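Overview (structure and organization)
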Amino acid sequence: MIPFIDQGLNRCYRVKNKSGEEKTFLIRLSEPGDEKGMIECIRDEYGDTYFKRSFYNEGFLAEKAKKKEIIFLVAEVIDTALRTESSRTGEIAGMTILKDFYPEESMCEVASQIFKKKYRGFGLSMIFFEHSMYMVENTNRTSVICLPVMFHDITQRLMKRFGLVATGLIMNVFDVEGIIHSYDNGRNTKHSQGLQVKKISKTKVGTLYIPREHIKFCKKIYRSLGVKYKISRFSKYNRKTSFSEVTCAQDANQNSLEIRIISIGDDVLEQVDRVLKEYPLRGKQTANIFLNINDENAVWLYEQLKNRDWFFAGLRPLCGRNEFMILHNCGETKVYFEDYHMSEEFRKIVEYVQKHRG
């Protein structure tokens, strides 16, 4: 898959599938007018059910690209008889994005890799990831992350080849009964994302306050990431402030809630309860907590939440100023871990989560 035309960020690749059929693709940054072709890729795979509803809006895609809030990469089909960039056909075979979260967080996410079905089997996933990693690794972001779905393991395995480390699960994010795609959900009615991370510029994470039972797991993750850390077992509540910093985001279409606990004060449990009163964990409603483990009260709060049916699901590291532990509460949703499609690396994490779920 060595490009035969290399003009900076525009690269042509001539590739074959297992049947020997040859195609040529130009991998490039999106241009005004590509929005229709990108939406065609989404509809070809998901119909009208893709969970990022705004991605069906041409104006939204154009505006995000113009402001560089999202970088879109596309694979454009090349006339194989000519095999030059000037022989572009205009058909978009696939797309992926690089999403920036600055200034809230300083990582970059590689996401939304979608292809038309007729162009599968030509190795476009690997080409896109190679292109994306080349771009991200030449920035000053703290890390690059990927959130692979757990209903297939293609992305999980490919990102490991580029040095991304599996660190945890963000569970029950998607209501798969409302999403059409080409893969097998098994018995799960909601599906999860994995989390894979590679350091770029962040090399120190400071002191981490980790529950005793998860210290070994967390040490292994941070050693794999190649960053410096210090572990503290401090587990008592140390009163620093009356007020906590807690944010939340509810995805109404997916019945999925994210609570982020950035600082822990006297009212932290009250704030969590207030959010859950607004979004009770009934029916398909599920929730994930990102708990700042640079806060010295993190272990104390973990124990409080554990007693309220929250369980450890891994780490969300190197994404910004703070390091986060992932906690999940599945409410009334049944989880069939055995129906996930996992790489060996994620299989070990899933087995760990199952063991400590209680």
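Our subject is the structure listed above.
Now for a description of the structure that goes with this document. Just so we're clear, the structure is a prediction, and the values are computed from it rather than from any experiment.

It is worth spelling out the pattern of salt bridges at this point. Under the defined criterion, the tally for this structure stands at 27 salt bridges. As a salt-bridge pair, D339 and R187 come within 2.8 Å of each other at their nearest N and O atoms. Taken together, the positions of D339 in the loop between strand 16 (324-329) and helix 8 (344-357) and R187 in the loop between strand 8 (165-175) and strand 9 (190-199) put the pair 152 residues apart, joining distant regions of the chain. Take D339: its relative accessible area is 16%, and that puts it in the buried class.

Here the focus is the environment of P317. Mapped onto the secondary structure, P317 falls in the loop between strand 15 (311-316) and strand 16. The class of P317 is buried, set by a relative accessible area of 0%. The contacts of P317, once residues within four sequence positions are left out, are T167, L195, V197, Y222, L225 and E323.

We now examine the packing of aromatic side chains. By convention here, two paired aromatic rings are described through the distance between centres and the angle between planes. Counting across every chain of the model gives 16 aromatic pairs. An angle of 40° between the planes, with centres 4.7 Å apart, marks the rings of Y46 and Y50 as tilted. Taken individually, Y46 and Y50 each receive the classification buried, so the pair is uniform in this respect. Between the aromatic rings of F51 and F174, the centroid separation amounts to 4.6 Å while the plane-to-plane angle is 65°, which identifies the pairing as edge-to-face. Of this pair, F51 sits in the loop between helix 1 (35-46) and helix 2 (58-66) while F174 sits in strand 8; the two residues are 123 residues apart in sequence, bridging distant segments of the chain. Residue classification places F174 among the buried residues on the basis of a relative accessible area of 3%. Within the aromatic cluster, the residues linked to one another by ring pairs are Y46, Y50, F51, F55, F60, F72 and F174. Above the plane of the ring of F290 lies R316, whose end atom (NZ or CZ) is 5.1 Å from the centre. If you follow K334 out to its NZ or CZ, it ends over the ring of Y336, 5.5 Å from the centre.

The rules behind these values
- Residues numbered from 1 in each chain as written.
- Predicted model: local features only at pLDDT ≥ 70, side-chain atom pairs only at ≥ 80, totals over all residues.
- Heavy atoms only, no water.
- Salt bridge = Lys/Arg side-chain N within 4 Å of Asp/Glu carboxyl O.
- Helix = DSSP H or I, 4+ residues; strand = E, 2+ residues; numbered from the N terminus.
- Buried < 20%, exposed > 50% of the residue type's maximum accessible area, 1.4 Å probe, protein only.
- Contact = heavy atoms within 4.5 Å.
- Phe/Tyr/Trp six-rings, centres within 6.5 Å; stacked < 30°, edge-to-face > 60°.
- Lys NZ or Arg CZ within 6 Å of the ring centre and 35° of its normal.

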